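If you want the building blocks of each chain, they are given just below.
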Amino acid sequence: MNLVSAELLKLRTTSLWWIFALLLVPLYGVALAFNWLAARAIGALGPEAENISFSSFSVERIVGNLYTSGQFGGVLLVLLLSAILVTNEFFHLTATATFLTTPRRELVILAKMVVSVLIAVLVWLLTTALNLVLAPVALTSTVGDTHLGEPYVWQAIGLNLLVHVLWALVGVGCGVLIRSQIGATITLTVLYVVGTQILTAVFALLANLVDDSILRMRIIIPTLASDLLVSGPQSADDLPRWVGAAVLLAYAALAGALGTLITRQRDIA
Amino acid sequence: MSRPNYAEISVDRLTKHYARMRAVDDLSFTVHAGRVTGFLGPNGAGKTTALRMILGLVTPTSGAATIGGVRYVDMPDPIRQVGAVLEASGAHRGRSARNHLRIICRASGLPDQRADEVLALVGLSTVATRKFKSFSLGMRQRLGIAAAMLGDPRVLILDEPANGLDPEGIRWMRDLLRALAAEGRTVLVSSHLLGEMQQLADDVVIIAAGRLLRQGPVAEVLGETAGTARVRVRTPQPDQLAATLRDARLEVVATPDGLLRVSGADAARVGHLAFTAGVELHELTGESADLERAFLDLTAGKAGAR
């Protein structure tokens, strides 16, 4: 508890947190506007819309997206902030003071994981609160119904929390592994923003060269796992939701455990 | 909670190999409580690496270091046992001095008010809320000492604490460290400023190229290495005086310009011998042994011996 309190104080006493809070505003705004427009498009189709179901253009999908607006940006910021919680210590040379105070370094990493989860919950609370106010407005003005009674809406909101938390843990783990602040930030941003496209292409290439069954392995791409968790299987071949969660959790555990082992051994000079 | 009010630092065959060099090589020494121990060596001698190993920040290749019989990494409350000042840049640039200290308080379960107490101790109360990046090197050193004093530790370890301090700051630091040692605390201070160490330290540990050269009380190390006192004497009758002094079993070296270097006696004895022999003197200077020369004698040719 002492260490969590210390980590929270570290976060509160620099300008980092409000820079991230400021970044969240436009990211959320764009996401909301996009989802609002999608709802309008569906509203324009009228009652037939319920029968339409392309992979990413169903009423359920769009309503769910609207109630989880800001997920893309929120998760990205949680991921980066979680990594920076760790890399900051090396970037600002505070690791010496930190590890002198707490020589059991794994406890420091653990406290940072707790704080990253708290950040994830806070960001989720913030965007969800806004969504619960704005999404019903958007939906009544477009499709004419808030859909708040639908269980899938609440499932989407719950899963939204889960992805925030899982990516926060991935962030801490990667921050420990990639000690360089700039290196970690760039790697994670690229991985998160365009990782799906790049890595899917890599898997397609591999499948072409070796064997088609490799393509099924692409679920180990973290962003695809995240999509599976949030959207559920889109076709009969797709794996169930929990596999997505398991993959993300495995990344967090692997990066966290490996990083903690390295941190324990590493010379702080 | 009762605890022994003193603790020794014990370094036992400590060794750190990097890919291409032995930063610290089979180093053993003991630092006693109630005394200030100077940890001396030329730049690159391995002082910082040794101190970081004692504090569990760098893992030794072999050997061990304990404080009060316990390894630093095994201490449940290290901040209350050991205070360390390692580098003057160890705080986040955008954070205030008080918040930097409060974070350490939180992590170690100390009350937040300790931050203000130690800021007052080092004379930084008026700048407590200023950001670290606005601090001068001297203020950063003081903040480092403040952080080290948070847990009221019985052992203090400081790496080059005089760096960046003005003469007044150096005197302040010397008085503080002497007072802390007088309370029975163990104080280990690394430095390459030898003159400062001669005024501050009770004991010295001298290393070069990662190896121990000498350890002991300052007076003893001076006696061993600088040998006996030396005297410079100038006279219009150098041959006569040299003969007289050699009769008295003193070692004399004559220089071409009529100067004699005498070892084995102090200025009073040489003056007396000259007087009784009726030799006229133009100059008589005692060269007292000093740490600087002892240090140079000891480390000569060893600094580059990696």
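Everything quoted here is computed from the prediction, not taken from an experiment.

*Asks:* Can you explain the overall build of chain B? Please cite residues and give values.
*Replies:* When you go through chain B residue by residue, the secondary structure sums to 11 helices and 13 strands. Here the C-alpha coordinates of chain B stretch approximately 75 × 45 × 40 Å along the principal axes. Relative to its full complement of 306 residues, chain B shows a buried share of 50%. Put simply, of all contacts in chain B between residues at least 6 apart along the chain, 70% involve residues at least 24 apart. Of the roughly 13600 Å² of accessible surface on chain B, a fraction of 49% belongs to carbon and sulfur atoms. Of the side chains in chain B, 38 bear a positive and 33 a negative charge, and the two mean positions are spaced by 9 Å.

*Asks:* I'd like a rundown of helix α2 (residues 16-45) of chain A, residues and numbers included.
*Replies:* Residue and element names in this part refer to chain A. With 30 residues, α2 extends 45 Å between its outermost C-alpha atoms, agreeing within 8% with the 44 Å of an ideal straight helix rising 1.5 Å per residue. Listing the buried residues of α2 in full gives Leu16, Phe20, Leu24, Tyr28, Ala31, Leu32, Asn35, Ala38, Ala39 and Ile42. Packed against the buried residues of α2 are α3 (59-67), α4 (71-91) and α6 (105-142).

*Asks:* Quick one: what's the story with the UniProt feature "transmembrane region" (unreviewed entry) in chain A, residue by residue and with numbers?
*Replies:* Mapped onto this numbering, the UniProt entry gives "transmembrane region" (unreviewed entry) at residues 16-38, 66-86, 107-132, 152-178, 190-210 and 242-263 of chain A. Along residues 242-263 of chain A one finds 100% helix and 0% strand; the C-alpha atoms at either end are 31 Å apart.

*Asks:* A description of the pairing of strand β9 (residues 211-217) of chain B should follow, citing residues and the corresponding values.
*Replies:* As judged from the six bridges shared by strand β8 (residues 203-208) of chain B and β9 of chain B, these two strands associate in the antiparallel manner. Note on β9 of chain B: the bridge partner recorded for Ala208 of chain B is Arg211 of chain B.

*Asks:* Hey, could you go over the packing of helix α5 (residues 137-149) of chain B against helix α6 (residues 167-182) of chain B for me, with residue numbers and the actual values?
*Replies:* All names here are of chain B. Across the interface, α5 lies against α6 with an axial gap of 12 Å and an inter-helix angle of 15°. Considering their axes alone, α5 and α6 lie roughly parallel with respect to each other. Between α5 and α6 lies a crossing whose hand is left-handed. Residues Arg142, Ile145 and Met149 of α5 form the contact with α6, whose own contacting residues are Gly169, Trp172, Met173, Leu176 and Leu180. Residue composition of the contact of α5 with α6, grouped by class: six nonpolar, one polar and one charged.

*Asks:* If you had to explain the interface of chain A and chain B to someone new, which residues and values would you point to?
*Replies:* If you look at the interface, chain A gives 27 residues, while chain B gives 31 residues. When chain A packs against chain B, close to 2300 Å² is buried across both sides, 58% of that on carbon and sulfur atoms. Contact with chain B buries area across many residues of chain A, yet Leu100, Thr101 and Asp267 of chain A alone supply 24% of it, more than any other trio. Taken together, the links from chain A to chain B amount to one salt bridge.

*Asks:* Quick one: what's the story with empty space enclosed by the protein, residue by residue and with numbers?
*Replies:* Per the stated rule, a full pass over the model turns up six cavities of 30 Å³ or more. Put simply, the largest cavity is a space of about 280 Å³. Going through the elements one at a time, α5 (95-101) of chain A together with β5 (82-85), α3 (97-108) and α5 of chain B are the ones with two or more residues in the lining of the largest cavity. By residue number, the principal contributor to the lining of the largest cavity is α5 of chain B, which donates five residues.

*Asks:* Can you tell me about the environment of His17 of chain B, naming the residues and giving the values?
*Replies:* All names here are of chain B. Mapping His17 onto the fold places it in strand β1 (residues 9-17). It is 8.9 Å that separates the C-alpha atoms of His17 and Ser62, two residues lying 45 residues apart in sequence. Leave out the neighbours within four places in its chain, and His17 touches Arg22 and Thr61. A distance of 3.5 Å separates a polar atom in the side chain of His17 from a polar atom in the side chain of Arg22.

*Asks:* I'd like a rundown of the domain arrangement of chain B, residues and numbers included.
*Replies:* Split into domains, chain B comes out as domain 1 (9-219) and domain 2 (228-288). With centres defined by C-alpha atoms, the gap from domain 1 of chain B to domain 2 of chain B works out at 46 Å.

*Asks:* I'd like a rundown of the pattern of salt bridges, residues and numbers included.
*Replies:* What the rule picks out here adds up to 21 salt bridges over all chains. In this structure, Glu117 of chain B and Arg114 of chain B form a salt bridge, with 2.7 Å as the shortest nitrogen-oxygen distance. Here Arg114 of chain B and Glu117 of chain B lie together in helix α4 (residues 113-121), a separation of three residues that amounts to about one turn. When the shortest N-O distance is used, the salt bridge between Arg185 of chain B and Asp152 of chain B registers 2.8 Å. With a gap of 33 residues between them, Arg185 of chain B in the loop between α6 and β7 (186-191) and Asp152 of chain B in the loop between α5 and β6 (155-159) connect regions that are remote in the sequence. Shared partners join several salt bridges into a network, and the residues in it are Glu7, Lys10, Glu89 and Lys112 of chain A.

*Asks:* So what about the packing of α3 of chain A against α6 of chain A? Which residues, and what values?
*Replies:* Residue and element names in this part refer to chain A. Put simply, α3 and α6 touch, their axes get as near as 8 Å, and they point 145° apart. Counted together, Val63, Leu66 and Tyr67 of α3 and Asn131, Leu132, Ala135, Pro136, Ala138 and Leu139 of α6 form the full contact between these two elements. Split into classes, the residues belonging to the contact of α3 with α6 amount to eight nonpolar, one polar and no charged.

*Asks:* Go over the sheet that holds strand β2 (residues 22-31) of chain B, please, and point to the residues and values.
*Replies:* Residue and element names in this part refer to chain B. Strand order in the open sheet formed by three strands is β2-β1-β4, and the pairing between neighbours is antiparallel. Of all strands in the sheet, those with a lone pairing partner are β2 and β4 (62-67), marking the two edges. Across the sheet, the mean angle separating the axes of adjacent strands is 15° when strand polarity is ignored. Note that β1 and β2 share six bridges and pair antiparallel. Each bridged residue has a counterpart across the sheet, and for Lys16 the counterpart in β2 is Val24. Strands in contact with helix α1 (residues 47-54) are β1, β2 and β4; relative to β1, the strand with the most contacts, it is inclined by about 120°.

*Asks:* Describe in detail the pairing of strand β11 (residues 251-254) of chain B, supporting the description with residues and values.
*Replies:* Residues and elements named next belong to chain B. Note that β11 and strand β12 (residues 259-263) share four bridges and pair antiparallel. Bridge assignment links Val252 to a residue of β12, and that residue is Val262. Linkage of β11 to β12, two consecutive antiparallel strands, is achieved through a turn of four residues, within which Gly258 is found at a positive phi near 85°.

*Asks:* Give a description of the nonpolar core that names residues and reports values.
*Replies:* Note that soluble globular proteins tend to have their nonpolar side chains buried in a common cluster. If you look at the biggest cluster of nonpolar residues, it comprises 86 residues, and the most contacted ones within it are Ile9, Phe39, Ile54, Ile67 and Ile157 of chain B. Considering each element in turn, this core owes the most residues, 12 residues, to α4 of chain A. Sequence-distant contacts of Ile9 of chain B, that is, excluding residues within four places in its chain, are made with Phe29, Thr30, Val31, Ile54, Thr66, Ile67, Val155, Ile157, Thr186 and Leu188 of chain B. By size, the runner-up hydrophobic cluster in this structure holds 52 residues, among which are Val36, Leu143, Leu177 and Phe295 of chain B.

*Asks:* Describe unusual backbone geometry, listing the residues and the values that go with them.
*Replies:* The phi angle at Leu93 of chain A is positive, at roughly 60°, despite the residue not being glycine. Structurally, Leu93 of chain A is set in the loop between α4 and α5. In the Ramachandran plot, Ala209 of chain B falls in the positive-phi region, its phi being about 50° despite a non-glycine side chain. With respect to the helices, strands and loops of the structure, Ala209 of chain B is situated in the loop between β8 and β9.

The rules behind the values
Residue positions are given per chain, counting from 1 as you read along its sequence in written order. Chains and ligands are labelled sequentially in the order written, the chains with letters from A and the ligands with numbers from 1. A pLDDT threshold of at least 70 governs which residues receive local features in this predicted model, and a stricter bar of 80 or more applies before side-chain atom pairs are shown or counted, although totals over entire chains, interfaces and linings include all residues. Side-chain measures were taken over the full set of non-hydrogen atoms in the model, leaving aside hydrogen atoms and water. The secondary structure listing takes helices from DSSP runs of H or I that are at least 4 residues long and strands from runs of E that are at least 2 residues long, numbered from the N terminus. For each residue, the accessible area found with a 1.4 Å probe, counting protein chains only, is set against the maximum for its type, and the residue is called buried under 20%, exposed over 50%, and partly exposed in between. Only heavy atoms enter the contact rule, under which two residues are in contact if any of them lie within 4.5 Å. The method behind every accessible area is Shrake-Rupley, applied with a 1.4 Å probe, and residues are considered shielded solely by the protein chains displayed. For the purpose of charge, His is not counted, nor are the chain termini; Lys and Arg are scored as positive and Asp and Glu as negative. In this description, the location of a charge corresponds to atom NZ of lysine, CZ of arginine, CG of aspartate or CD of glutamate. What a helix should span is 1.5 Å times the count of its residues minus one. UniProt positions are given in the numbering used here, feature names are shortened, and annotations may be inferred rather than shown by experiment. Here, strands pair whenever DSSP counts at least two bridges between them. Only the stretch in contact is used when a helix axis is fitted, and all axes are lines through C-alpha atoms; the angle between N-to-C directions ranges over 0 to 180 degrees. Oblique is the label for any angle not covered by the other classes, which are roughly parallel (under 35 degrees), roughly antiparallel (over 145) and roughly perpendicular (65 to 115). A crossing counts as left-handed when the near helix is turned anticlockwise from the far one by less than a right angle, and as right-handed when that turn is clockwise. We call Asp, Glu, Lys and Arg charged. Ala, Val, Leu, Ile, Met, Phe, Trp, Tyr, Cys and Pro are nonpolar, and the rest, Gly among them, are polar. Buried area counts how much accessible surface, traced with a 1.4 Å probe, disappears from two parts once they are put together, with both parts' losses summed. Counted as salt bridges are all cases of a side-chain nitrogen of Lys or Arg within 4 Å of a carboxyl oxygen of Asp or Glu. Any residue with an atom within 4 Å of a point lines the site, the site being either a cavity, points on a 1 Å grid over the protein atoms alone where a 1.4 Å probe fits but cannot get out, or a pocket, an open set with protein on both sides within 12 Å along at least 5 of 7 lines. Grid points are joined across faces, edges and corners, and a volume is the space filled by probe spheres set on the points. Distance and chemistry together define a polar contact, namely a pair of N or O atoms within 3.5 Å, with one atom able to donate a hydrogen and the other to accept it when in protein, and with adjacent residues in sequence counting only for side-chain atoms on both sides. Domain borders in the structure are assigned automatically or taken from a domain database. Joining through side-chain atoms within 4.5 Å is the link that ties buried Ala, Val, Leu, Ile, Met, Phe, Trp, Tyr and Cys residues into a set, and such a set is a nonpolar core.

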